[in-house]
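Residues per chain are reported as follows:
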Amino acid sequence: MDEKIRVLIADDHHLFREMLFHTLSEEEDIEVIAEASDGEEAVAQARKLHPDIILLDINMPRMNGLEAIREIKREQPLCKVVILTALEDDAYVFKFIREGATGYLMKDTNALEVIKAIRSAYSGESLIQPRIVNKILKEFCKLSEEKRKSPEKGESGKLTSLTEREREVLSHVAQGLNNKEIASALFISEATVKSHVANLMSKLNLRDRVEMVLFAVKNGIISL
């Protein structure tokens, strides 16, 4: 059997952690390696255990989720953080995405979506609910309106460096398709899609698929 996805659950509600633990423990490819009841404990456990994925709440004692993700991503930039919270405030969502969150889910999400988010994050993709994506894009557009009116030097150069196929892949990523769906749409292999995504991130100097979506909106590759 392949190596399991090692998950850390960070939430100050004991019953919620227990529910998540039992749900995730039923999956053969996922192992919950630790739990944390506050932000400081989450950072300490991440530092000690180097999990693949951290499920992180926002409102926690001693150190909140935003402070925790900053510390975690500073020390372990390759660690994937999926926000799992009851807060749906636009500003919070955008701040966490900017700090490097790979996914953002609400606590009313069903268990299958949480499991899918963990697997997506582990494979290098993002899973953000459509209602959350809309908030990210709205906030991004507000902050970048002036830049869109007066594009920064170099933006057009980045676009012209892309091949036609890379533009197609970028457009599909920006529409929320995963690698398997893109491969099917373009009649190419998943391995080829992964290669194109990696090339896009390198050429455009982007960290993840969320930043790819924002880049596509900003440069008119897709529209709201």
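Each value, and the rule that gives it
Residues numbered from 1 in each chain as written. Predicted model: local features only at pLDDT ≥ 70, side-chain atom pairs only at ≥ 80, totals over all residues. Heavy atoms only, no water. Buried < 20%, exposed > 50% of the residue type's maximum accessible area, 1.4 Å probe, protein only. Helix = DSSP H or I, 4+ residues; strand = E, 2+ residues; numbered from the N terminus. Arc of directions from axis to C-beta. Contact = heavy atoms within 4.5 Å. Salt bridge = Lys/Arg side-chain N within 4 Å of Asp/Glu carboxyl O. Pairing = 2+ DSSP bridges. Right-handed = clockwise from strand over helix to strand, strands pointing away. Axes fitted to C-alpha atoms, helices over the stretch in contact; angles between N-to-C directions. Parallel < 35°, antiparallel > 145°, perpendicular 65-115°, else oblique. Left-handed = near helix turned anticlockwise from the far one by under 90°. Nonpolar A, V, L, I, M, F, W, Y, C, P; charged D, E, K, R; others polar.

Looking at helix H9 (residues 179-186), one finds that the buried residues are Asn179, Ile182, Ala183 and Leu186. The buried residues of H9 occupy one face: seen down the axis, they fall within an arc of 100 degrees. The exposed set on the far side of H9, more than 90 degrees from its buried face, consists of Lys180 and Ser184. Looking at the packing, one finds that the buried side of H9 touches helix H8 (164-174), helix H10 (190-204) and helix H11 (209-218).

We now examine the side chain of His196. As for its position among the elements, His196 is in helix H10. Those residues in contact with His196, other than ones at most four positions away along the chain, are Arg165, Glu166, Val169 and Ile188.

So, about the pattern of salt bridges. Across all of its chains, the model carries 14 salt bridges by this definition. Two residues, Asp11 and Lys107, come together in a salt bridge whose shortest N-O distance is 2.7 Å. Remark: Lys107 occurs in the loop between strand E5 (103-106) and helix H5 (111-122) and Asp11 occurs in the loop between strand E1 (5-10) and helix H1 (14-25); sequence separation between them is 96 residues. When its relative accessible area of 2% is taken as the criterion, Asp11 is described as buried. Judged by its relative accessible area of 23%, Lys107 falls in the partly exposed class. Note that Glu166 is salt-bridged to Lys203, the shortest N-O span being 2.9 Å. Residue Glu166 is found in helix H8, and its partner Lys203 is found in helix H10; the two are separated by 37 residues along the sequence. Classification of Glu166 as buried rests on a relative accessible area of 4%. The class for Lys203 is partly exposed, based on a relative accessible area of 34%.

With 6 bridges connecting them, E1 and strand E2 (residues 30-36) associate as parallel partners. Bridged to Leu8 within E2 is Ala34. On the question of chirality, the crossover connecting E1 to the parallel E2 by way of H1 is right-handed.

Counting through the fold element by element, Asn179 comes out in helix H9. The residues contacting Asn179, other than those within four sequence positions of it, are Glu125, Glu190, Val193, Lys194, Val197 and Arg209.

What follows is about the packing of H1 against H5. Put simply, H1 and H5 touch, their axes get as near as 11 Å, and they point 70 degrees apart. Accordingly, the angle class assigned to the pair H1 and H5 is roughly perpendicular. Both H1 and H5 take part in a crossing whose hand is right-handed. Along its contact with H1, which presents Leu20, Thr23 and Leu24, the element H5 presents Ala111, Val114, Ile115 and Ile118. Partitioned by chemical class, the residues of the contact of H1 with H5 number 6 nonpolar, 1 polar and no charged.

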